[in-house]
Amino acid sequence: MTSSSSLILGIESSCDDTSAAVLRGGLLCSNVIASQEVHSKYGGVVPELASRAHLQNIVPVVQQAVARAGVTLADLDAIAYTRGPGLLGSLIVGTNFAKGLSLALQIPLVEVNHLQAHVLAHFIAKPEEPHTPPPFPYLCLLVSGGNSQIVQVNAPDDMRILGQTIDDAAGEAFDKCAKVMGLGYPGGPIVNKLANEGDAERFHFSKPQVPGLDYSFSGLKTSFLYTLRDELAKDPDFVAKNKADLCASLQKTVIDILMSKLLRASKETGIKHIAVAGGVSANTGLRDAYHAYADRYGWQVYIPPFAFTTDNAAMVAMAGSFAYERGAYGSIDAVPFAKTTI
């Protein structure tokens, strides 16, 4: 763990949530998130609107995070910020704010990889709550709207991708299939809710056979789309009559694909400490699958609180705390990046 005294401000602005958090040696002092409702009517995040909203939100969000933590800016030891990956315009807002504050306070700046922050979210501790982080090495299934990866985590600064999607991510499959059913945005949580009411064995969709530990979800989306096309030709009300079963069957297929490769990774590495992270880790079906696999294969599983599944600054501050403790400071000349991996 990190030092019990280091006070880190984390800033997250990679997509459409503006967030700031304060951690003291891994202990969460505050975590404030301002979400952007403007994107829902467009069926997805509009980058230009997102960056404008970040400009409006970042000052009050940071002010609230510091105030709720009961500290002042002068008390901070370092500022951690998301350098990437993400939407470039959104990242620029957070990056420039962090740089300006770092210069003004004359304290170190720490660059954080957004994906690594998700993987390290398991180390965030809340006051007076039991907390057992995974031991190194552990495997982490990182699943979100843009990423599906199996990561071997040997240390906070030593992560190795064992497998990743070669096309679409799991979260993207949920969102796009939900869109063609007219369920709204974001589609993942809606699919999850309806899946709880449906029959997961009603429909069967394609499970792409990809070598090794890599994933593919484009074939699943095509299979889902063809099923809708064929059934709608017979009955125009097919989707309305079968929403819950479609969602349950879709969710089961995605989870089966994810877990089969994760099981293979565990067998190949011999690692049985298995974590999950990213927005899709909020999916209750995936969480249930984790517990089922733990019982069946002797895994010790680590599932983050719902608050730390989506984008948040607490995970950025956590990753920043590890970097700060080992003296891995960032440069004032660093520029944000839109794409990368672990």
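Computed from a prediction, not measured in an experiment: that's the story for all the values here.

Within the protein, the regular secondary structure consists of nine helices and ten strands. The C-alpha radius of gyration computed for the protein amounts to 20 Å, which stays within 12% of the reference 20 Å derived for 342 residues, consistent with globular compactness. Projected onto its principal axes, the C-alpha positions of the protein cover 65 × 45 × 35 Å. For the protein, the residues scored as buried account for 54% of the 342 residues in total. When contacts within the protein are restricted to residue pairs at least 6 apart in sequence, those whose partners lie at least 24 apart make up 72%. Entry remark: accessible area of the protein is about 14,500 Å², with carbon and sulfur atoms responsible for 51%.

Glancing now at unusual backbone geometry. Put simply, Gly84 and Pro85 share a cis peptide bond, and its omega is -5°. Residues Phe136 and Pro137 are joined by a peptide bond in cis, for which omega reads -5°. In this model, Glu128 sits at a positive phi of 60°, which is unusual for a non-glycine residue. Position of Glu128 among the secondary structure elements: in the loop between helix H3 (114–119) and strand S6 (138–143). With a relative accessible area of 84%, Glu128 lands in the exposed category.

On to the side chain of Gln251, then. Relative to the helices and strands, Gln251 resides in helix H7 (residues 238–269). Overall, the relative accessible area of 6% leaves Gln251 in the buried class.

The next subject is a nonpolar patch on the surface. Among the surface-exposed residues, Val180, Leu225 and Tyr226 lie close enough to one another that they form a single nonpolar patch of about 280 Å² accessible area. Relative to the assigned elements, Val180 resides in helix H4 (residues 170–180). The exposure class of Val180 is partly exposed, given its relative accessible area of 45%.

Turning to the UniProt feature "binding site: substrate" (unreviewed entry) in the protein, a few remarks are in order. Residues annotated by UniProt as "binding site: substrate" (unreviewed entry) correspond here to Leu142, Val143, Ser144, Gly145, Gly146, Asp175, Gly188 and Asn283. If you trace the backbone, Leu142 turns up in strand S6. Once you skip the residues sitting within four places of it in the chain, Leu142 turns out to touch Leu115, His118, Val119, Asn147, Ser148, Gln149, Ala277, Gly278 and Ile342. With respect to the helices and strands, Asn283 occurs in the loop between strand S9 (273–277) and helix H8 (284–297). At 2.9 Å, the side chain of Asn283 and the side chain of Gln251 are in polar contact.

Moving on to the UniProt feature "binding site: Fe cation" (unreviewed entry) in the protein. Feature annotation in UniProt places "binding site: Fe cation" (unreviewed entry) on His114, His118 and Asp311, given in this structure's numbering. In summary, the annotated positions, though distributed over 198 residues, converge in three dimensions, the widest C-alpha pair being only 8.6 Å. Mapping His114 onto the fold places it in helix H3. Using a relative accessible area of 7% as the deciding quantity, one classes His114 as buried. Sequence-distant contacts of His114, defined by excluding residues within four places in its chain, comprise Glu12, Ser14, Thr82, Gly84, Pro85, Asp311 and Met315. Topologically, Asp311 is positioned in the loop between strand S10 (300–302) and helix H9 (313–325). The buried category is assigned to Asp311, whose relative accessible area is 16%. Setting aside residues up to four positions removed in sequence, Asp311 forms contacts with Glu12, Ser14, Cys15, Asp17, Ile33, His114 and His118.

What tends to happen in soluble globular proteins is that the nonpolar side chains get buried as a cluster. By size, the foremost hydrophobic cluster in this structure holds 48 residues, and its most contacted members are Leu141 and Leu286. Taken together, the elements giving at least two residues each to this core come down to S6, H4, helix H5 (187–195), helix H6 (218–234), H7, S9 and H8. Ranked by the residues each element gives to this core, the list is headed by H7, at 14 residues. Setting aside residues up to four positions removed in sequence, Leu286 forms contacts with Leu141, Val143, Ile255, Leu258, Met259, Val276, Val280 and Ser281. Among the nonpolar cores identified, the runner-up in size contains 36 residues, and Phe123, Val153, Tyr302 and Val316 belong to it.

Cut-offs used in this document
- Residues numbered from 1 in each chain as written.
- Predicted model: local features only at pLDDT ≥ 70, side-chain atom pairs only at ≥ 80, totals over all residues.
- Heavy atoms only, no water.
- Helix = DSSP H or I, 4+ residues; strand = E, 2+ residues; numbered from the N terminus.
- Rg over C-alpha atoms; globule rule 2.2 N^0.38 Å.
- Buried < 20%, exposed > 50% of the residue type's maximum accessible area, 1.4 Å probe, protein only.
- Contact = heavy atoms within 4.5 Å.
- Areas by Shrake-Rupley, 256 points an atom, 1.4 Å probe, with all protein chains shown as cover.
- Patch = residues over 30% accessible without salt bridge, like charges linked within 9 Å, V, L, I, M, F, W, Y side chains within 5 Å.
- Salt bridge = Lys/Arg side-chain N within 4 Å of Asp/Glu carboxyl O.
- UniProt positions renumbered as here; feature names shortened; annotations may be inferred.
- Polar contact = N/O pair within 3.5 Å; in protein donor to acceptor, adjacent residues only side chain to side chain.
- Core = buried A, V, L, I, M, F, W, Y, C linked by side-chain atoms within 4.5 Å.

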